[in-house]
Amino acid sequence: MTRFQHLLGPEGCGTSSHFSRRTLLQAGAGLAWLTPLSQVLAATSQEKSSKGRPKSVIVLWMQGGPSQLETWDPHPGKMIGGDTKAIDTSLKGLKIADTMPLTAEIMHEMALLRCVTSKEGDHERATYNMQTGYRPDPTLIHPSIGAILCHELSAKGVEIPRHVSIFPSEFSARGGFLGNKYDAFKMYDPTGPLPDLPKRVPEDRFDARLGDLDILEASFARGRRLDLEKKKTLHRETVDRATTMMTSDQIDAFNIDGVPQEVKQQFGDTPFGRGCLCATQLIETGVRCVQVTLNGWDTHANNHEFQSAKAGNLDAALSATIKYLKERDRLDDTIVLCGGEFGRTPKINPAAGRDHWPHGFSVALAGGGIRKGVVLGETDPEGQKITAETKNAVRVEDIHATIHDALGINIDKDFQTPIGRPMAICQGTAIPELVADA
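On a predicted model such as this, the values are computed, not experimentally measured, just so you know.

Conventions adopted
- Residues numbered from 1 in each chain as written.
- Predicted model: local features only at pLDDT ≥ 70, side-chain atom pairs only at ≥ 80, totals over all residues.
- Heavy atoms only, no water.
- Salt bridge = Lys/Arg side-chain N within 4 Å of Asp/Glu carboxyl O.
- Helix = DSSP H or I, 4+ residues; strand = E, 2+ residues; numbered from the N terminus.
- Buried < 20%, exposed > 50% of the residue type's maximum accessible area, 1.4 Å probe, protein only.
- Pairing = 2+ DSSP bridges.
- 1 Å grid on protein atoms, 1.4 Å probe; cavity = no way out; pocket = protein on both sides within 12 Å on 5 of 7 lines; lining within 4 Å.
- Points joined across faces, edges and corners; volume = space filled by probe spheres on them.
- Nonpolar A, V, L, I, M, F, W, Y, C, P; charged D, E, K, R; others polar.

A. The arrangement of the pattern of salt bridges in detail. As enumerated under the stated definition, the model contains 18 salt bridges in all. Notably, a salt bridge pairs arginine 114 with aspartate 73, separated by 3.5 Å at the nearest N-O pair. Taken together, the positions of arginine 114 in strand S4 (residues 110–117) and aspartate 73 in the loop between strand S1 (56–63) and strand S2 (86–88) put the pair 41 residues apart, joining distant regions of the chain. Among the residues examined, arginine 114 registers a relative accessible area of 11% and is labelled buried. Glutamate 284 is the salt-bridge partner of arginine 328, the closest N and O atoms lying 3.0 Å from each other. Here the residue arginine 328 occupies a position in the loop between helix H12 (303–327) and strand S8 (334–339), and glutamate 284 occupies one in helix H11 (residues 271–285), the gap between them amounting to 44 residues. When its relative accessible area of 11% is taken as the criterion, glutamate 284 is described as buried. Within this structure, Glu109, Lys326 and Lys372 form a network of salt bridges that share partners.

As structure tokens, this is what we get:
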């Protein structure tokens, strides 16, 4: 099998994964739009078995609180249902909202949790809870999923930040007590320049500045502790990592300019869609976690109109991300998580909006060893609260435990905080129905 045959996959016309084969062929130049680095990585990935490859996570973050009733868990015809209709999906017996027709075609590749519960109904606190698996604690900042991945998984061969946030919000993923070096690298629309990366002076002047910096560093270190750099300041390490990134071919993974317009269109060619396309390139280059944020789900008024518009953006980007990863043989080692900090109230308020609802909302997962075709839980058609005691209710910390477990991270491990306080990686238990080899 040639690398092109492997890339294009065995599926025929009419299958859910046919789009990128057709798109690539119609692009005429085959893989010419890929950067040289990406071509090498693609060829390398095809030569390896998916087993043993380090895993990654793409978080599609719906900032503001997406409505479960307008996306994954519609109740048409009920008092709580609003104007949303339900459509059949590729998973027998499962219906989702008619706002997401493209995603409906790939639900057999996904797992859906419809009874997620949290104790946090405030945006900042609930975002912290979802991103770290812990409720806010004034004595400690917990690391996000991406920070834990970067701490626990090898960085070998990766010269760019391994934790990336595209369209970061004010509540960005952080390294917490693991250190600021595990904070997410922030960027915006990949059609724009990367922040702080291009050299602002000619090459010779840049090199001269680095030489001057060496003199300053040597002068600063004179007479001070021998381990000051290694254990305290990290000046040299930080500068070396920054200059390595600035000159690395791997920064091409942030660039989607060469991607054919037809491929961009499959992702929706919106800022969020372009962010998702960029995320797939970054994952292929060795980045361990990319969070792509789609803001604007906080619909206290005109809920149906605004949620439908956002769901349309999500629909194209999410479905294309999963199809693309599958075509590239990356879905088995990339977990895609789609969710927000909470859901929306079953009751529609006088402004035709829905308010915050942490008592039963939806999170979707795919890839990375997560068992596909699983639907857990159901919300009450009359809008009653889901509690931790409800059958198949899922706690936020259990989602974290499931992801860590699927990534091969020991969920029983304790970290040591900077003051020596033992802290578990997560508080939850892996969801047995989602663990593929359970």
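So, next bit.
B. Spotlight on the pairing of strand S11 (residues 359–366). Buried residues dominate S11, accounting for seven of its eight residues. As judged from the three bridges shared by S8 and S11, these two strands associate in the antiparallel manner. The residue of S11 that forms the bridge with cysteine 338 is alanine 364.

C. Molecular detail of the layout of surface pockets. The calculated volume of the largest pocket comes to roughly 1,400 Å³. As for the largest pocket, its lining consists of 47 residues, of which Asn180, Lys181, Tyr182, Asp183 and Ala184 are closest to the centre. If you list the elements that add at least two residues to the lining of the largest pocket, you get helix H5 (123–132), strand S6 (185–187) and helix H9 (235–247). In terms of residues, the lining of the largest pocket owes the most to one element, H9, which gives seven residues. Along the lines of polarity and charge, the residues of the lining of the largest pocket split into 22 nonpolar, 12 polar and 13 charged.

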